[in-house]
Amino acid sequence: MNPIILQQPGKIVFGENSIQQLSEDNLIASSDRILFLIATPLMDKMQPVFDKISETGKKVVVIEYNFPGEPTFIQFDTLLNKSDYFHPDCVIGVGGGSVLDCAKLLAALTGSDQQLPEIVGIGLLTGRSIQLICIPTTSGTGSEMSPNAILLNEETAAKCGIISPYLVPDCCYVDPVLTISLPSRLTAETGMDALSHCIEAYTNKFAHPAVDTYALRGIELIAANLEKACMNGQDMKARSALSLGSMYGGLCLGPVNTSAVHALSYGLGGKFHVAHGLANAILLPEVLRFNLSASPERHADVALALGVKPMETVEATALAGIERLQELSRACGIPQHLSEIGITEDVLPELADIAMNVTRLLKNNPRVVTKEDAITIYTKLL
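Notes on the structure follow. Predicted model, so just to flag it, every value in this text is computed and none were measured. (Residues numbered from 1 in each chain as written. Predicted model: local features only at pLDDT ≥ 70, side-chain atom pairs only at ≥ 80, totals over all residues. Heavy atoms only, no water.)

### A word on the overall build of the chain
The criterion, for reference: Per the convention used, a helix needs a DSSP run of H or I reaching at least four residues, while a strand needs a run of E reaching at least two, with both numbered from the N terminus. It is over C-alpha atoms that the radius of gyration is taken, and the globule rule equals 2.2 Å times the number of residues to the power 0.38. Note on exposure labels: buried denotes an accessible area under 20% of the residue type's maximum, exposed denotes more than 50%, and partly exposed covers the range between, all computed with a 1.4 Å probe on protein chains only. Any two residues whose heavy atoms approach within 4.5 Å at even a single point are treated as in contact. All accessible-area figures derive from a Shrake-Rupley calculation using a 1.4 Å probe, and residue coverage is judged against the displayed protein chains alone. None of His or the chain ends enter the tally, which takes Lys and Arg as positive and Asp and Glu as negative. Charge placement uses NZ in Lys and CZ in Arg. For Asp and Glu, CG and CD serve respectively.
Helices and strands together make up the secondary structure of the chain, namely 14 helices and 9 strands. Radius of gyration (C-alpha) of the chain: 20 Å, near the 21 Å computed for a compact globule of 382 residues. Its C-alpha atoms give the chain principal-axis dimensions of about 65 × 45 × 45 Å. Counting the 382 residues in the chain, one finds 59% classified as buried. Sequence separation of 24 or more characterises 78% of the internal contacts of the chain that already satisfy a separation of 6 or more. Within the structure as shown, the chain displays about 15,100 Å² of accessible surface, and the carbon and sulfur contribution to it stands at 53%. If the 27 positive side-chain charges of the chain are averaged to one point and the 41 negative ones to another, these points end up 3 Å apart.

Here it is as structure tokens:
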């Protein structure tokens, strides 16, 4: 069995209303200056938490995160200037993946000699001295579990990955109650993103038994509950299952990561500002069809986790799983074609060029993807 490194938060608190325990966390107790970076819709819900921490004599600053879409270098610099001014010894991110990614980078770069452009890539961050707590409010990116942060370089229109063990939070609180207010569309898109994390981890060229368990259980939980949560956002059983499935998907990101689905989505997000989860949801079935021949048994296992009954062959089972995936996507209101989100045939070569540069993900794919392959996949999805 090949060696593997599992990078996980030092403490994971999971469960309904677990956020109420935050003020008593030992990281809070050992901190004097606490900075919250929080998504706008959560401000009122988190106010009692801010007040409770402030009552203990801690200095608390709340920065409202209200940027649309994925965060950019310039937007992050705006946040960093505010953080540098306050000098926190603990950063707490509350929100979706964009908020958490920025919170992770604030904890790493506040007061640091390093600049954002010089840490883009793998293992270039030299350290982090500020404590970090992440609190997800969507069931999708898994950022609270991973060593990854993704920002958009507006000058090049490229999505840039910063990957470092120093970006793994010290602690995270996964409270499904915080996801209740998420609209159906975002529930669907973030849920499909989490599902793609699990599926790509299991079918990955570097898949590993230590991660397979997370991946398969994540697939099962999300497949069985995503449509329920989209239809009824108040369904706490479904919301809790999605939060757990997303958490499992996030645990897959550090040791194994994703592959061609995410690589092919980079241009859609960076150049055309398509939401990350939506791009992955549209791409996922066709990429699985492309990859199936490289590992039919693994793709059949995914199908079974999606709830498909075994067919006469592993290939048939795998194909039935892809059909099941598309049925789920449609039922949750996800567009099935790139043309539905404004993508035209003339931009496909540019999208393929962008994807070919995401080598850190393409190297994980079970089947080699050429530029021509990428264009073919995009074309089939028009």
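### What about the pattern of salt bridges?
Just so we agree on the cut-off: Any Lys or Arg side-chain nitrogen found within 4 Å of a carboxyl oxygen on Asp or Glu counts as a salt bridge.
The final tally for this structure, using the stated rule, is 10 salt bridges. Between D25 and K11 there is a salt bridge; the shortest N-O distance is 2.8 Å. Taken as a pair, D25 in the loop between β1 (11-14) and α1 (26-29) and K11 in strand β1 lie far apart in primary sequence, 14 residues in all. Residue D25 is classed as buried on the basis of its relative accessible area, which comes to 1%. One salt-bridge network, held together by shared partners, links E286, R289 and E323.

### Details of unusual backbone geometry
Leaving glycine aside, a negative phi is the common case for residues, and trans is the common case for peptide bonds. Even without being a glycine, N17 presents a positive backbone phi close to 65°. Structurally, N17 is set in the loop between β1 and α1.

### Let's talk about the side chain of T317
Mapped onto the secondary structure, T317 falls in helix α11 (residues 314-331). Beyond its immediate chain neighbours, meaning those up to four positions away, T317 contacts A300, A303, L304, V308, K309, P310 and M311.

### Remarks on the pairing of strand β8 (residues 158-163)
Note the following rule: Pairing between two strands requires that DSSP report at least two bridges joining them.
With 5 of 6 residues buried, β8 is to be regarded as a mostly interior element. Relative to β8, strand β5 (residues 121-122) runs parallel, the two sharing 2 bridges. Bridge pairing links I122 to I163 in β8. Inspection of the sheet shows strand β7 (residues 148-153) paired to β8 by 6 bridges, in the antiparallel sense. Within the sheet, the bridge partner assigned to I150 lies in β8 and is G161. A loop of 4 residues connects β7 with β8, the two strands running antiparallel in sequence, and A157 in this loop sits at a positive phi of about 60°.

### Digging into helix α4 (residues 97-109)
Threshold: A helix is expected to span 1.5 Å for every residue after the first.
Here α4 is 13 residues long and its end C-alpha atoms lie 18 Å apart, about the 18 Å a rise of 1.5 Å per residue gives. When you tally the buried positions in α4, you get 12 out of 13 residues, the bulk of the element. The set of residues buried in α4 consists of G97, V99, L100, D101, C102, A103, K104, L105, L106, A107, A108 and L109.

### What about the sheet that holds β8?
The line we're drawing: Between the N-to-C directions of two axes lies an angle of 0 to 180 degrees, each axis being a line fitted to C-alpha atoms and, for a helix, fitted only over the stretch in contact.
Strand order in the open sheet formed by 3 strands is β5-β8-β7, and the pairing between neighbours is mixed. Edge positions in the open sheet fall to β5 and β7, since each of these has one partner strand only. Here α4 sits on the sheet and contacts β7 and β8; the angle it forms with β7, its principal contact strand, is near 100°.

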